[in-house]
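So you can see what is in the structure, the chains are spelled out below.
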Amino acid sequence: VQGGNTRQGSHELLKTYLDTLYAPAVATASYYANTMAGNGSTANRIVYYTNQPTNSPNSQFTVANSSVNGLSITINVAGVYSFAASFDTSTQHVGLSLNASSLTTGIQALAAGEILAMAYCAGVGFAQQVCITRRFAVNDIIRPHTDGAVVSGASRNNFICEKVG
């Protein structure tokens with residue numbers, strides 16, 4: 001081939017393609033809360049937290065965290081989000097719900113389409129973590145949802161949300 005080394009050009013093209021294909025996800029918005037305070041008084045199956053060391057939703061999502069309605073994340077910009085929650089509670093079902101129709105119903109009794117992830121805590125000291133990464137639409141509402149779980153080790157209960165794509 002006239003004008004250069006085809007082999008070297010092919011390697012550079014392949015490297016560029018693979019770098020693009022496997023580029024690391026970078027969080028453009030982030031929220032982290034820990035120290036579970038209990039469940040909301042009205043939304044009595046939705047967890048709320050007392051400590052929010054990272055609260056940078058950057059208009060990608062809206063955070064509401066109160067002792068009345070618990071914690072909720074409302075998606076403002078469609079995209080790929082990652083959620084994780086750790087629970088150290090009494091013997092209960094715990095997890096993440098999506099657009100739950102009832103905030104006073106245990107997560108295990110919700111419709112299948114309302115459960116993003118669910119686990120069962122076998123008792124105090126048997127911590128569980130649930131997580132999901134997927135595409136969410138505008139106005140989707142994600143919540144840490146329980147079966148009315150009682151806090152065991154408050155500081156070992158946490159929640160994180162990040163927009164990754």
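Just so it is clear, the structure is predicted and the values come from calculations on it, not from any experiment.

Rules behind the numbers
- Residues numbered from 1 in each chain as written.
- Predicted model: local features only at pLDDT ≥ 70, side-chain atom pairs only at ≥ 80, totals over all residues.
- Heavy atoms only, no water.
- Helix = DSSP H or I, 4+ residues; strand = E, 2+ residues; numbered from the N terminus.
- Contact = heavy atoms within 4.5 Å.
- Pairing = 2+ DSSP bridges.
- Axes fitted to C-alpha atoms, helices over the stretch in contact; angles between N-to-C directions.
- Salt bridge = Lys/Arg side-chain N within 4 Å of Asp/Glu carboxyl O.
- Buried < 20%, exposed > 50% of the residue type's maximum accessible area, 1.4 Å probe, protein only.
- Phe/Tyr/Trp six-rings, centres within 6.5 Å; stacked < 30°, edge-to-face > 60°.
- Lys NZ or Arg CZ within 6 Å of the ring centre and 35° of its normal.

Notes on the environment of Phe 87
Next, step 1: Within the secondary structure layout, Phe 87 lies in strand β5 (residues 79-87).
Next, step 2: In the structure, Phe 87 is positioned 68 residues away from Ser 155 in sequence and 9.7 Å away in space, judged by C-alpha atoms.
Next, step 3: Residues contacting Phe 87, with those up to four places away along its chain left out, are Val 47, Val 94, Gly 95, Cys 121, Ala 127, Gln 128, Val 130, Pro 144, Thr 146 and Asn 157.

Details of the sheet that holds strand β9 (residues 141-146)
Next, step 1: Strand order in the open sheet formed by 5 strands is β3-β4-β9-β6-β7, with antiparallel pairing between adjacent strands. Among the strands making up the open sheet, the edge pair consists of β3 (61-66) and β7 (115-121). Strand-to-strand, the axes of this sheet are offset by a mean angle of 15 degrees, without reference to chain direction.
Next, step 2: Note: strand β6 (residues 92-98) against β7, 6 bridges, orientation antiparallel. Residue pairing in the sheet places Ser 97 in a bridge with Ile 115 of β7.

Description of the pattern of salt bridges
Next, step 1: Applying the stated criterion across every chain yields a total of 1 salt bridge.
Next, step 2: Salt-bridge contacts for Arg 156 lead to Asp 88; the nearest nitrogen and oxygen are separated by 2.7 Å. Taken together, the residues Arg 156 in the loop between β9 and β10 (158-163) and Asp 88 in the loop between β5 and β6 connect sequence positions 68 residues apart.
Next, step 3: For Arg 156, a relative accessible area of 47% translates into the label partly exposed.

Regarding the packing of aromatic side chains
Next, step 1: Taken as a whole and assessed by the stated rule, the structure comprises 7 aromatic pairs.
Next, step 2: With centroids separated by 6.4 Å and ring planes inclined at 35 degrees, the aromatic side chains of Tyr 49 and Phe 159 adopt a geometry described as tilted. A residue pair is termed long-range when its members are at least 10 positions apart, and Tyr 49 in strand β2 (residues 47-56) and Phe 159 in strand β10 qualify at 110 residues. Each member of the pair, Tyr 49 together with Phe 159, is buried.
Next, step 3: Three or more aromatic residues joined by ring pairs make a cluster, and in this case those are Tyr 31, Tyr 49, Phe 61, Tyr 81, Phe 83, Phe 136 and Phe 159.
Next, step 4: The side chain of Arg 134 reaches across the aromatic face of Phe 136, ending 4.6 Å from its centre.

As for the sheet that holds strand β1 (residues 29-39)
Next, step 1: Taken in spatial order, the 5 strands line up as β2-β1-β10-β5-β8 in an open sheet, and their pairing is antiparallel. The outermost strands of the open sheet, each flanked by one partner alone, are β2 and β8 (128-136). Going from strand to strand, the sheet's axes swing by 15 degrees on average, the running direction of each strand aside.
Next, step 2: Relative to β2, β1 runs antiparallel, the two being bridged by 7 bridges. For Tyr 31, the partnering residue across the bridge sits in β2 and is Asn 55.

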